[in-house]
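As a plain string of letters, each chain reads:
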Amino acid sequence: MSRTSFSIDLSPLIRQYQQTPGAIAIGAKNGMQDALNDWQAEARNDAPFEYGSLRQQIEQELKGNGLNVEGIISNNVYNEGFNYAYWQHNVRGGQGIKYIDNVADKNKDKWID
């Protein structure tokens with residue numbers, strides 16, 4: 001009787017597989033950061049420019065880790081206790097200008113895909 005055998009070293013494949021969750025998490029964080037950068041830049045362009053500080057104070061925050069990441073854009077400009085940014089975004093003209101929300105609505109399909 002003749003017998004032939006061979007073996008396959010799967011250790012490189014196993015190492016790659018074990019590193020996959022970390023690589024995916026890094027990709028998720030980088031993708032969210034790219035979306036935040038776009039969102040911030042476009043919101044700054046769309047914000048009213050009456051005094052300049054409104055656009056400058058649009059800030060971004062990246063929270064979470066792994067596959068659970070969240071991007072936040074916020075805008076607060078206070079003058080003697082009055083939040084001018086809130087007023088512009090949510091109240092002005094009865095509905096507000098929504099310069100942050102409008103950018104998100106316009107780009108959500110691009111950022112989510």
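One can find the structure itself at the top, above this paragraph.
Now for a description of the structure that goes with this document. Keep in mind that this is a model prediction, so the values were computed, not measured.

This brings us to the overall build of the protein. What the protein contains, in helices and strands, is four helices and four strands. When its helices and strands are written in sequence order, the protein yields α-α-β-β-β-β-α-α. Computed over C-alpha atoms, the radius of gyration of the protein comes to 23 Å, more than 25% over the 13 Å expected from 2.2 N^0.38 for 113 residues, which places it beyond the range of a compact globule. In terms of principal-axis extent, the alpha carbons of the protein reach across some 95 × 25 × 20 Å. Within the protein, buried positions represent 25% of all 113 residues.

With their axes 9 Å apart at the nearest point, helix α1 (residues 11-46) and helix α4 (residues 99-112) run at an angle of 140° to one another. By crossing handedness, the relation of α1 to α4 is classed as right-handed. Here α1 contributes Ala 35, Asp 38, Trp 39, Glu 42, Ala 43 and Asp 46 to the contact with α4, which in turn contributes Tyr 99, Ile 100, Val 103, Ala 104, Lys 106, Asn 107, Lys 110 and Trp 111. Of the residues that constitute the contact of α1 with α4, the class distribution is eight nonpolar, one polar and five charged.

Our next topic: the packing of aromatic side chains. Scanning the model with the defined rule gives two aromatic pairs in all. When the ring of Trp 39 is compared with that of Trp 111, the centres are 5.8 Å apart and the planes differ by 45°; the resulting orientation is tilted. Taken as a pair, Trp 39 in helix α1 and Trp 111 in helix α4 lie far apart in primary sequence, 72 residues in all. Here the aromatic rings of Tyr 84 and Trp 87 are separated by 6.4 Å at their centres, their planes lie at 25°, and the arrangement is stacked. Of the two residues, Tyr 84 and Trp 87 both sit in helix α3 (residues 84-91), three residues apart, roughly one turn of that helix.

This part covers the environment of Ile 24. Summarising the element assignment, Ile 24 is placed in helix α1. Spatially, the C-alpha atoms of Ile 24 and Lys 108 are 21 Å apart, while their sequence positions differ by 84 residues.

All right, on to unusual backbone geometry then. Look at Glu 80: it is not a glycine, yet its phi comes out positive at around 55°. Of note, Glu 80 is situated in the loop between β3 (78-79) and β4 (82-83). Classification of Glu 80 by relative accessible area gives exposed; the value is 82%. In this model, Lys 98 sits at a positive phi of 60°, which is unusual for a non-glycine residue.

A word on the pairing of strand β1 (residues 58-65). In this sheet, strand β2 (residues 68-75) lies alongside β1 in antiparallel orientation, the contact comprising eight bridges. For Ile 58, the partnering residue across the bridge sits in β2 and is Asn 75. Turn length for the β1-β2 hairpin, with the two strands adjacent in sequence and antiparallel, is two residues, and the turn residue Gly 66 shows positive phi of about 60°.

Attention shifts here to α4. If you check α4, its first and last C-alpha atoms are 20 Å apart, about what 14 residues at 1.5 Å a residue would give, namely 20 Å. Its maximal kink placed at Lys 106, α4 deviates by approximately 50°. Taken as a whole, α4 has its buried residues at Tyr 99, Ile 100, Val 103, Ala 104 and Asn 107. Packing partners of the buried residues in α4 comprise α1, α2 (53-56), β1, β2 and α3.

Definitions and limits used
- Residues numbered from 1 in each chain as written.
- Predicted model: local features only at pLDDT ≥ 70, side-chain atom pairs only at ≥ 80, totals over all residues.
- Heavy atoms only, no water.
- Helix = DSSP H or I, 4+ residues; strand = E, 2+ residues; numbered from the N terminus.
- Rg over C-alpha atoms; globule rule 2.2 N^0.38 Å.
- Buried < 20%, exposed > 50% of the residue type's maximum accessible area, 1.4 Å probe, protein only.
- Axes fitted to C-alpha atoms, helices over the stretch in contact; angles between N-to-C directions.
- Left-handed = near helix turned anticlockwise from the far one by under 90°.
- Contact = heavy atoms within 4.5 Å.
- Nonpolar A, V, L, I, M, F, W, Y, C, P; charged D, E, K, R; others polar.
- Phe/Tyr/Trp six-rings, centres within 6.5 Å; stacked < 30°, edge-to-face > 60°.
- Pairing = 2+ DSSP bridges.
- Expected span 1.5 Å × (residues − 1).
- Bend = angle between axes of the 7 residues up to and from the residue.

Taken by themselves, the reported measurements are silent on function.
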